[in-house]
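# Summary of the model geometry
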Amino acid sequence: MTQTTSAPHHEHGTAPPAARYDAVVEAAVQQGLLGEGDPVAGFIDTEGVRASVGALHDAFAATPGVLHTFAAKACSLIPVLRLLAGSGMGCEVASPGELRLALEAGFPASRIVLDSPAKTREEIRLALALGVAVNADSLAELRRIDALRNPSTTSVLGLRINPQVGGGSIGPMSTATDTSKFGVALRDPGAREAIVEAFRERPWLTRLHAHVGSQGCPLELIAAGVARSHELAEEINGTLGVRQITSLDIGGGLPVNFADETVRPTYADYVAALTAAAPGLFSGHYALVTEFGRSLLAKNGFIGARVEYTKDAGGRRIALTHAGAQTATRTVLMPDAWPLRIGAFGPDGIPKSGPVVAQDIAGPCCFAGDVVAYGRELPELAEDDVVVLYDTGAYYFSTPWAYNSLPRPAVYGFRVAGPTGAVTFATVREPQSLDSIAAESGLAHVDALIERDG
Ligand SMILES: *Cc1c(COP(=O)(O)O)cnc(C)c1O
């Protein structure tokens, strides 16, 4: 039975996707990047990324010397990081792996900021030896830095605070709640005094860091957190009688609009909110560092996936595609928090038209919840069609989940040539091979658990 009208559950993001990437989807199918053999792939708009970086720099143009870093976790692919390095970005990293990627991509150590929440001594030692900036997440971590720091290090050293300004609409994305695991909880009893003391004891501690939250946090909340951080810096410098704090790392977290094509809020909106909440921030007294991820990449990428089968079950139409939890993890696990716009294309990569049908768009993973959209009204999908998951340039195909030993999908960058409209692709990451899956699943130790005699 085919439903054409019923109001589905979890209905989100039904605005028709713009035709912006139609030619790219068609070219990807025609050029064989998406097909039987490779049923899912990620795509990145190279020029779009450059334009987003340009918009960020333009918004802060009145403030010289801002170091804009890209939060590597949002798109942890070396060619993407190199594109960003070449576009004038620095890099925010939060693990030894991300640090390695940033270095391989060519970011100079002086433009890298290390924010890992659980830094090991080895990780701290390496960062200090390289001259990477380090934001300590706690007073305990500061004590480790005391022990490891060589006075000749060129690393800028900072302390992350949690301004405890509250959370946004997505709990797991809210880092400034009263009980968040991040930073030193500023409003806890005695915390302010302890932070001032920590700076007094360490003349080399010169930066305050706060990252209030990501998707779901309104601009005003983020700006309020930055304002608390700025006030604290003023208070510390005032109390110590010396401008010891010379820079503020104001984090990232600009939310992304997943409901339609428009970019909102913009970086200019963000700067306006900051100016309103903390006018002194732009006084020139503090060098600024930003750490944006999702807002730079999300709208500059999409996932394309084949429809392998369709079926009906209990009155619902289901399309079984290759885009599931392995590449759209957050959307599958938290469908209400992370709705995605979905486009329907034919086997030739051309947009489908015709009457819409409410369809569940399911993925290839073996658990019942592996569905990226419920009851989505789209032209009726059929075997060999292609679905597109828009706005997935950050935290989707670049952050795969190894569930069911599904391979990491290939990723391609694309450019659309001006007048001809010809689309060219560049491989960013090959699709993962079965050999690679076997290797990372312990192939080298195949006999490890077998009892052997003698
Ligand atoms: C994740 C993260 C960011 C980037 O957040 P987005 O929402 O992707 O902009 C910035 N700073 C820190 C410390 C982070 O953990």
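Residues numbered from 1 in each chain as written. Predicted model: local features only at pLDDT ≥ 70, side-chain atom pairs only at ≥ 80, totals over all residues. Heavy atoms only, no water.

### Concerning the UniProt feature "active site" (unreviewed entry) in the chain
Summarizing the sequence annotation, UniProt attributes the feature "active site" (unreviewed entry) to Cys-366 in the numbering used throughout. Residues in contact with Cys-366, not counting those within four places in the same chain, are Tyr-403 and Asn-404. (UniProt positions renumbered as here; feature names shortened; annotations may be inferred. Contact = heavy atoms within 4.5 Å.)

### Concerning the pattern of salt bridges
Using the criterion set out here, one finds 25 salt bridges in the structure. Ionic pairing is found between Glu-201 and Arg-202, a salt bridge with its closest N-O pair at 3.6 Å. Overall, Arg-202 belongs to the buried group, its relative accessible area being 7%. Here the residues in one salt-bridge network are Arg-20, Glu-261, Lys-299, Arg-341 and Asp-391, joined through shared partners. (Salt bridge = Lys/Arg side-chain N within 4 Å of Asp/Glu carboxyl O. Buried < 20%, exposed > 50% of the residue type's maximum accessible area, 1.4 Å probe, protein only.)

### Digging into the pairing of strand E13 (residues 342-345)
Of the two faces of E13, the one holding Ile-342 and Ala-344 and the one holding Gly-343 and Phe-345 are both buried throughout. With 4 bridges connecting them, E13 and strand E16 (residues 386-389) associate as antiparallel partners. Counterpart to Ala-344 in the pairing with E16 is Val-387. (Helix = DSSP H or I, 4+ residues; strand = E, 2+ residues; numbered from the N terminus. Pairing = 2+ DSSP bridges.)

### With respect to the environment of Gly-349
As for its placement among the helices and strands, Gly-349 is situated in the loop between E13 and strand E14 (356-362). Separated by 319 residues in the primary sequence, Gly-349 and Gln-30 have C-alpha atoms spaced 7.4 Å apart.

### Observations regarding the side chain of Ser-52
As for its position among the elements, Ser-52 is in helix H2 (residues 46-59). Residue Ser-52 is classed as buried on the basis of its relative accessible area, which comes to 16%. Ignoring any residue separated from it by four or fewer positions in sequence, one finds Ser-52 in contact with Tyr-267, Leu-296 and Asn-300.

### Considering the packing of H2 against helix H9 (residues 267-277)
Closest axis-to-axis distance for the H2/H9 pair is 8 Å, and the angle between their directions is 25°. Judged on the interaxial angle alone, H9 and H2 are roughly parallel. In this structure, H2 crosses over H9, and the sense of that crossing is right-handed. Contacts from Ser-52, Ala-55, Leu-56 and Ala-59 in H2 reach Tyr-267, Ala-268 and Val-271 in H9. Class assignment of the residues belonging to the contact of H2 with H9 gives a composition of 6 nonpolar, 1 polar and no charged. (Axes fitted to C-alpha atoms, helices over the stretch in contact; angles between N-to-C directions. Parallel < 35°, antiparallel > 145°, perpendicular 65-115°, else oblique. Left-handed = near helix turned anticlockwise from the far one by under 90°. Nonpolar A, V, L, I, M, F, W, Y, C, P; charged D, E, K, R; others polar.)

### Considerations on the site of the ligand
Residues in contact with the ligand amount to 14 residues; listed here are only the nearest, Lys-73, Ser-214, Glu-291, Arg-294 and Tyr-395. Between the ligand and Lys-73 there is a distance of 2.8 Å, counted from an oxygen atom to a side-chain nitrogen or oxygen. In the model, an oxygen atom of the ligand is placed 2.6 Å from a nitrogen or oxygen of the Tyr-395 side chain. Across the complex, the protein chains shield 93% of the 390 Å² of accessible surface that the ligand would expose by itself. Classifying every residue of the shell around the ligand by side-chain character gives 3 nonpolar, 5 polar and 6 charged. (Near = heavy atom within 4 Å. Polar contact = N/O pair within 3.5 Å; in protein donor to acceptor, adjacent residues only side chain to side chain. Areas by Shrake-Rupley, 256 points an atom, 1.4 Å probe, with all protein chains shown as cover.)

### Considerations on the packing of aromatic side chains
One pass over the full model with this rule turns up 14 aromatic pairs. Ring geometry for Phe-60 versus Tyr-270: centroids 6.5 Å apart, planes at 55°, classification tilted. Here Tyr-270 lies in helix H9 and Phe-60 lies in the loop between H2 and strand E2 (67-71), a separation of 210 residues in the sequence. Side by side, Phe-60 and Tyr-270 carry an identical accessibility label, which is buried. Measuring from ring centre to ring centre gives 6.0 Å for Phe-302 and Phe-414, while their planes differ by 45°; the resulting arrangement is tilted. In this pair, Phe-302 is assigned in strand E11 (residues 301-313) and Phe-414 in strand E17 (residues 410-416), connecting sequence segments 112 residues apart. Look at Phe-414 and you get buried, because its relative accessible area is 2%. Cluster of aromatic residues (ring-pair linked, three or more members): Tyr-21, Phe-43, Phe-302, Tyr-412, Phe-414 and Phe-425. (Phe/Tyr/Trp six-rings, centres within 6.5 Å; stacked < 30°, edge-to-face > 60°.)

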